[in-house]
Amino acid sequence: MPAAEKKKLVDGELGLTMDPSLLRGATADLLIKNRSEIFSSNVLSQKDLAQLHESTAIVSFLHDFFSHSWRTARLDKWAALLLYLNAQAAALALVAGAVFWALLENFGVVPRLLVWYMEDRHEMTTGMPILVGFVSGVTFLIHWQRIRAFFGLGPRYCFLDKVCIDQVNDSRKAAGIASLGAFLGSAENFVVLFSPDYFSRLWCCYELAAFRHLQVAGKQKITFLPLAFPRVLFANAVAIAAACVPHAFISVFGPWLGIDINNVSTNFYGAVTYPGSLLWCWTMYECQRYVDARDMIDEQLDNFSITKTECHDEKDRPRVEREIAKWFGNGDRDEGIQKFDQYVKTDVRELIEDMVGKRKPFSASIPWLYIFVSSAGAILLDLVDFATFYLL
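Residues numbered from 1 in each chain as written. Predicted model: local features only at pLDDT ≥ 70, side-chain atom pairs only at ≥ 80, totals over all residues. Heavy atoms only, no water.

Caption draft 1: Summary view of the packing of helix H3 (residues 74-106) against helix H4 (residues 128-147). Between H3 and H4, the shortest axis-to-axis distance is 7 Å and the interhelical angle comes to 155°. Here H4 runs roughly antiparallel to H3, going by the angle between their axes. The handedness of the crossing between H3 and H4 comes out as right-handed. (Axes fitted to C-alpha atoms, helices over the stretch in contact; angles between N-to-C directions. Helix = DSSP H or I, 4+ residues; strand = E, 2+ residues; numbered from the N terminus. Parallel < 35°, antiparallel > 145°, perpendicular 65-115°, else oblique. Left-handed = near helix turned anticlockwise from the far one by under 90°.)

Structure, rendered in structure tokens:
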């Protein structure tokens with residue numbers, strides 16, 4: 001980002017300039033690797049920390065700055081990162097994979113496999129497009145950050161303090177922390193991996209305040225990603241897959257059950273969905289937990305004050321409050337804290353509502369793209385029906 005587009009800071013504020021060798025980014029693949037092991041709170045050896053830092057690259061800008069609480073389970077963050085970073089590619093892959101294989105079958109390039117017919121042979125279903133689409137979608141959801149290189153796309157660089165700031169060399173570590181503004185000012189997206197304790201952590205609020213102060217309108221944005229999303233979507237995906245994907249294998253297990261695959265009854269077709277129907281109970285349970293978490297967000301915002309946050313080292317609190325006083329109150333501590341608290345209660349609330357919807361009784365929203373990916377089983381079944389009726 002050109003320096004002219006960045007806001008100027010007075011002396012003593014978080015620095016925007018830094019040694020270019022300190023501005024480093026970790027690839028998105030590194031953050032996802034081994035189920036986001038890098039987000040583990042385990043204490044690492046000096047050797048491991050040095051290797052992680054060396055795995056980053058010197059960059060001129062960052063795609064994402066991830067802000068999160070280290071108290072939150074890493075698997076929740078891993079699932080959230082898969083959605084944020086890979087969901088779009090996964091959605092395209094599952095549709096393209098199913099349609100491409102159906103076209104290959106319809107033009108005789110590959111033989112039709114796993115074929116069965118509804119009663120009176122009025123409808124044919126072929127199972128391979130369902131399986132190809134499903135495998136393609138799952139593969140891209142998990143591995144897109146590695147696969148993207150085959151499409152000529154460069155790595156997506158992100159900031160994570162644990163690896164992007166040197167944790168071994170004390171002088172470089174101090175310089176990196178002091179120049180946190182350079183990382184924030186170089187990031188296109190400030191992504192909050194939101195957990196219930198996010199607004200209770202002083203440094204999480206500090207990062208948010210700093211980015212808000214540096215933010216260039218129209219060029220940098222803040223995204224809130226509740227970590228409750230993945231649990232709902234995973235339960236939904238398993239239930240729908242259990243209800244729909246078995247239809248691809250009716251030609252395999254049907255004869256074992258005495259079913260004529262050239263005359264599959266509507267009753268049997270419906271019975272295949274029963275396992276998935278039972279799993280909807282799990283989905284509804286996770287939906288209720290998400291609604292509870294959504295309500296908790298509003299309660300936290302209603303009662304928020306940075307003076308109530310927790311900090312690992314209370315010596316950091318005066319410094320944070322001084323910075324917020326400069327950014328939001330022209331040096332006046334009380335005014336700065338009051339205005340920042342109000343910013344969180346109003347502007348931040350609007351950002352959250354853009355992502356998860358406004359609070360309503362027993363309701364909460366989830367972005368359509370995530371719902372699309374988690375409903376892959378049903379979508380693939382519909383795609384095969386479409387191919388059968390319109391492409392034959």
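Caption draft 2: Region of interest: the environment of Met296. Position of Met296 among the secondary structure elements: in helix H12 (residues 274-302). When the C-alpha positions of Met296 and Pro196 are compared, they lie 7.2 Å apart, and in sequence the two are 100 residues distant.

Caption draft 3: Just the pattern of salt bridges, in detail. Taken as a whole and assessed by the stated rule, the structure comprises 14 salt bridges. Note that Asp64 and Arg156 form a salt bridge whose closest N and O atoms lie 2.5 Å from each other. Here the residue Asp64 occupies a position in strand S3 (residues 62-67), and Arg156 occupies one in the loop between H4 and strand S6 (157-159), the gap between them amounting to 92 residues. Residues Asp76 and Arg231 are paired through a salt bridge, measuring 3.3 Å at the closest nitrogen-oxygen approach. (Salt bridge = Lys/Arg side-chain N within 4 Å of Asp/Glu carboxyl O.)

Caption draft 4: Geometry of the layout of surface pockets. Taken as a whole, the largest pocket spans an internal volume of roughly 1,100 Å³. Lining the largest pocket are 32 residues; nearest its centre among them are Trp70, Asp161, Gln167, Trp203 and His312. At the level of elements, S3, helix H5 (161-164), helix H6 (170-178) and helix H8 (202-214) are the ones that each hand at least two residues to the lining of the largest pocket. In this structure, the second largest pocket spans a volume of roughly 710 Å³. As for the second largest pocket, its lining consists of 27 residues, and the residues nearest its centre are Leu141, Pro230, Leu233, Phe234 and Ala237. Those elements giving two or more residues to the lining of the second largest pocket turn out to be H3, H4, helix H9 (229-244), H12, helix H15 (368-374) and helix H16 (376-391). The greatest single-element share of the lining of the second largest pocket, amounting to eight residues, is contributed by H3. (1 Å grid on protein atoms, 1.4 Å probe; cavity = no way out; pocket = protein on both sides within 12 Å on 5 of 7 lines; lining within 4 Å. Points joined across faces, edges and corners; volume = space filled by probe spheres on them.)

Caption draft 5: Just a nonpolar patch on the surface, in detail. On the surface, a nonpolar cluster with roughly 380 Å² of combined accessible area is contributed by Val99, Leu103, Phe107 and Val109. Mapped onto the elements, Leu103 comes out in helix H3. For Leu103, a relative accessible area of 31% gives the class partly exposed. (Patch = residues over 30% accessible without salt bridge, like charges linked within 9 Å, V, L, I, M, F, W, Y side chains within 5 Å. Areas by Shrake-Rupley, 256 points an atom, 1.4 Å probe, with all protein chains shown as cover. Buried < 20%, exposed > 50% of the residue type's maximum accessible area, 1.4 Å probe, protein only.)

Caption draft 6: Expanded view of the nonpolar core. Of all hydrophobic cores here, the largest spans 81 residues; its most connected members are Phe199 and Phe340. Per-element tally for this core: the top contributor is H3, with twelve residues. (Core = buried A, V, L, I, M, F, W, Y, C linked by side-chain atoms within 4.5 Å.)

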